[in-house]
Amino acid sequence: MRALIVSDVHSNLEAFQAVINDAEARGPVDEIWSLGDLIGYGPDPAAVMEILMGRPHQAVAGNHDLASVGKISLEDFNQYAYAANKWTSGQLSAEQTKFIEDQEIRLEFDEFTMVHGSPRDPVWEYVVSQRTALASFRHFDTFWCLLGHSHIPFICHSTSEEEVTFVEFPLDVELTLKTNRLIINPGSVGQPRDGDPRASFAVYDSDRSTIVHHRVEYDIRVTQDKMRAVNLPAPLVDRLSAGQ
Ligand code: ZN
């Protein structure tokens, strides 16, 4: 079984489609695993949700998903995210709204724990430091934890009870998952923030127990033109070109 692992698609249809095409060119994609923030920020929330809902998937809700259906307060967001989420909430069908309302914020299956932010606080906490990573390892029991939210790809090893090590998630290198505990962030499909504007994702192969990180280019200008056409905030449009 091959799973395409995506996070922070953020209503970016061109990036999502490019990722699916790229993953499928490398082999069959049996399931899509979405680590949250499928929507928010971008111009195509309904189309992006339709793709995920139409395929076998495992998916948790992120802060933007929950805000778009009123399950958490929009007041907790900055002005640009606030504006984008307000617009997004008007774009979803009743079925799509219900899908998000019914979504879990944490899933455990096989040897994976899946959350958006962190296993300690799945909705809001960013795993970006020794402190948050150490706390995270204490809040899940499986070998591996998949998460997103920071839009920055990484692998974090649990070196000891008191120490963790962040390493780069190398591109196009097949990593074998053994029984050492890891936190894995595949980066963001629709709004990368690590200085590389290409869509970031991972592919897990359960038969071989491997995971690979890939980046793929997409037509950023198409997404940006759509964002301008519906008056989404300019800083959200501009940041896609920079990957920041
Ligand atoms: Zn996000």
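Nothing here was measured: the structure is a model prediction, and the numbers come from that model.

Enquirer: Which residues make up the pairing of strand β7 (residues 154-160), and what are the values?
Expert: Strand direction decides the pairing type here: β7 and strand β10 (residues 182-185), joined by four bridges, are antiparallel. Bridge pairing in β10 places Cys 156 opposite Ile 183. Judged from the five bridges that link them, β7 and strand β8 (residues 163-167) form a sheet pairing that is antiparallel. Of the residues in β8, the one forming a bridge with Ser 158 is Val 164. The hairpin turn running from β7 into β8, its antiparallel successor, is two residues long.

Enquirer: Summarise the coordination of the zinc ion; cite the residues concerned and give the values.
Expert: Donor atoms from the polypeptide that bind the zinc ion are Asp 8 (OD), His 10 (NE2), Asp 37 (OD) and His 151 (NE2), placed at 2.0 to 2.5 Å. Considering all four donor atoms around the zinc ion, the spread of angles at the metal, 85 to 173 degrees, places the coordination shape in the irregular class. Sequence positions of the residues that donate to the zinc ion give the spacing D-x1-H-x26-D-x113-H. Here His 10, found in the loop between β1 (2-6) and α1 (13-26), pairs with Asp 37, found in the loop between β2 (31-34) and α2 (45-53); they are 27 residues apart in sequence, far enough to count as distant. Here His 10 matches Asp 37 in class, with each residue buried.

So, how was this worked out
Just so you know, the residues in each chain are numbered from 1, in the order the chain's sequence is written. At least 70 in pLDDT is required for a residue's local features to be given in this predicted model, at least 80 for side-chain atom pairs to be given and counted, and no such filter applies to totals for whole chains, interfaces and linings, which use all residues. Each side-chain value is derived from all of the structure's non-hydrogen atoms; neither hydrogens nor water enter the calculation. Two strands are counted as paired when DSSP detects at least two bridges linking them. Secondary structure is summarised from DSSP: a helix means a run of H or I of at least four residues, a strand means a run of E of at least two, and numbering begins at the N terminus for each. Coordinating donors are taken as N, O and S atoms within 2.8 Å of the metal, stretched to 3.2 Å for Na, K and Ca; because water is absent from the atoms, sites can appear incomplete. Note on geometry labels: four donors, all angles 85 to 135 degrees, give tetrahedral; four donors become square planar and six octahedral when opposite donors are over 155 degrees apart and every other angle is between 65 and 115; remaining cases are irregular. For the exposure calls, accessible area comes from a 1.4 Å probe over protein chains only, and a residue counts as buried if that area is under 20% of its type's maximum, exposed if over 50%, partly exposed in between.

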